[in-house]
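# What the coordinates show
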Amino acid sequence: MIRTRFAPSPTGPLHLGGARTALFSWLHARHHGGRFILRIEDTDRQRSTTAFESTILEALQWLGLHADEGPFRQSERGERYRETMERLLAEGHAYRCYCTPGELEQMRARAIQRDEKPRYDRSCRQGSARAGNDRPHVLRFCNPLDGELCIVDQVLGELRYHNRELDDFIIARTDGSPTYNFTVVVDDMDMAVTDVIRGADHMNNTPRQVNLYQALGWETPRYAHVPLILGTDNAPLSKRRSDTDILHHRDAGYLPEALLNSLARLGWSYGDQELFTPEELIRLFRLERVQRSAARFDPEKLRHINRQHLKRSSSDKLSADLVKRLRALDLDPGAGPPLNRLVEVLRERFCTLGEMAAAAECYYRDPEHYEAAAAARFLNNSGLEHLRALQPRLTALHDWQAPALHELLSATATELRVGFGKLAQPLRVALCGSAVSPPIDITLSLLGRKSCLRRLQRALQQCDPKREEAGAP
Ligand code: GLU
């Protein structure tokens, strides 16, 4: 059975790159009816925090990348690591290294001077005069001194490494804490992981880990190193940029299925198909179709894909989300148009739920001011004149549905001998404060008769000095 895992370090929030790795591991497991394991790699006590762990779990939960096993935490597996270190020591596959940071620094400097790759010179490998358990030391792995390794990567193909290029890496620090290259092997083995899918930035670690598997007499998993993700500027997407944070995308109003769709397309494709549901991804995803070269993330493309998913989502689901967003804007969702109708209108026009909520505001709150440019252009003398002509007609209309409203506006424009826009635009600014809104008849019907008449009256009052002077209401 296929068993994959996602093994984030809780040293930052879940970002796009991490989520893409999680997605590919999850898809590979789901496609093959296997199991997906979640493991928190928190041995770096200095940089790991439980707050980051919680945000990572929250982001995975929101994306729907649910684990079948875990989360396991490396911080809870110390006993198992110690036992394995003891075994490596006893079997001659690891040794204590007493070299001081100063000595290691000198070693580095000498290597650089000789134009060689700086690496540990193995001076403690055959035993050290300073040996003794109580003296500060690290544990190093006895990497084979010669020979070659061939790893068949499921994405990158055949990769060859010379053992003489690899050094005796540290498996336990001076304080006894285990390092990543060691824990990852023990964990993947104990968790019976069959396929290690991770970012190409880990490729250099893989031969070291494979040697460790061999020393322990364990079977190595299959590997798949997925390509790096670049931004539109061709620089690698940094973990630290807040605009790559998954929860930031949730808060901005992206749908989890749109994000999964976009992430899947970073390095994987299926013909020219652009839109995928999570179910389709599970059915179609194959590791062999993952490309070798770096993938490029384009936020504009994500917006486009989100828009397509918004169009396909049920309006009940979108309404429920919109309610929360309206409340966060201090608006009463019950004090506006029917939510399902509002959703139908807005989802045709916007790319995110955040934008939909912002655009919805005008249906709940009278405009506090009129945008200066829009007011200057449309609430000028002629605009106001048209609105004054329109006001009694609108007041007399009782069928407040879009078709009747449209008809009334058309008839009024014809009578005034002006184009439809010359009437619609001033009205839009009067009602919404800006010259941008869905079609005017829809805006009128969504707002309702009472609000429209009130807002129109207010605009005429506020913008027309003559009426004010005359003491008009
Ligand atoms: N903890 C590692 C990271 O966050 C992942 C290691 C792995 O997948 O082997 O980059």
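Just so it is clear, the model here is predicted, and its values are computed rather than measured.

Across its full length, the protein chain holds 20 helices and twelve strands. Taking 23 Å as the expected radius of gyration for a compact globule of 473 residues, we find that the protein chain reaches 32 Å, considerably beyond that expectation. Projecting the C-alpha coordinates of the protein chain onto the three principal axes gives extents of approximately 105 × 45 × 40 Å. In the protein chain, which comprises 473 residues, the proportion classed as buried is 50%. Expressed as a percentage of contacts within the protein chain between residues at least 6 apart in sequence, the contacts between residues at least 24 apart total 75%. Total accessible area on the protein chain stands at roughly 22,700 Å², and carbon and sulfur atoms take up 49% of it. Of the side chains in the protein chain, 66 bear a positive and 63 a negative charge, and the two mean positions are spaced by 2 Å.

Tallying each qualifying case throughout the model produces 37 salt bridges. In this structure, the salt-bridge partner of R47 is D44, at a minimum N-O distance of 3.4 Å. The exposure class assigned to D44 is partly exposed, which follows from its relative accessible area of 26%. When the shortest N-O distance is used, the salt bridge between E257 and K317 registers 2.7 Å. In this pair, E257 is assigned in helix α8 (residues 256-264) and K317 in helix α11 (residues 315-328), connecting sequence segments 60 residues apart. Looking at E257, the relative accessible area reads 16%, which means it is buried. Judged by relative accessible area, which is 41%, K317 ranks as partly exposed.

Looking now at the packing of aromatic side chains. Enumeration according to the criterion identifies five aromatic pairs in this entry. Ring geometry for Y81 against F182: centres 6.2 Å apart, planes inclined by 65°, an arrangement best described as edge-to-face. Highlighted residues: Y81 in helix α3 (residues 78-90) and F182 in helix α5 (residues 180-190), separated in sequence by 101 residues. For F182, a relative accessible area of 0% translates into the label buried. Ring plane angle 40° and centroid distance 5.8 Å describe the contact between W268 and F285, whose orientation is recorded as tilted. Linking W268 in the loop between α8 and α9 (278-284) with F285 in the loop between α9 and β12 (295-296), this pair joins segments that are 17 residues apart in sequence. Here the two residues W268 and F285 agree in accessibility, since each one is buried. An aromatic cluster is present here, built from F24, W268, F276 and F285 joined pairwise through their rings. Over the ring of F24 we find R20; its NZ or CZ atom is 5.3 Å from the centre of that ring. Above the plane of the ring of Y120 lies R140, whose end atom (NZ or CZ) is 3.7 Å from the centre.

Glancing now at the site of the ligand. Lining the immediate surroundings of the ligand are R5, A7, P8, S9, E41, Y180, V184, R198 and H202. Between the ligand and the protein, one listed contact pairs a nitrogen atom with a backbone N or O atom of A7 at 2.7 Å. Contacts to the ligand include E41, whose side-chain N or O atom sits 2.6 Å from a nitrogen atom. Relative to its unbound accessible surface of 300 Å², the ligand loses 84% to contact with the protein. Class assignment of the residues belonging to the shell around the ligand gives a composition of four nonpolar, two polar and three charged.

Definitions and cut-offs
Residues numbered from 1 in each chain as written. Predicted model: local features only at pLDDT ≥ 70, side-chain atom pairs only at ≥ 80, totals over all residues. Heavy atoms only, no water. Helix = DSSP H or I, 4+ residues; strand = E, 2+ residues; numbered from the N terminus. Rg over C-alpha atoms; globule rule 2.2 N^0.38 Å. Buried < 20%, exposed > 50% of the residue type's maximum accessible area, 1.4 Å probe, protein only. Contact = heavy atoms within 4.5 Å. Areas by Shrake-Rupley, 256 points an atom, 1.4 Å probe, with all protein chains shown as cover. Lys, Arg positive; Asp, Glu negative; His and termini not counted. Charge placed at Lys NZ, Arg CZ, Asp CG, Glu CD. Salt bridge = Lys/Arg side-chain N within 4 Å of Asp/Glu carboxyl O. Phe/Tyr/Trp six-rings, centres within 6.5 Å; stacked < 30°, edge-to-face > 60°. Lys NZ or Arg CZ within 6 Å of the ring centre and 35° of its normal. Near = heavy atom within 4 Å. Polar contact = N/O pair within 3.5 Å; in protein donor to acceptor, adjacent residues only side chain to side chain. Nonpolar A, V, L, I, M, F, W, Y, C, P; charged D, E, K, R; others polar.

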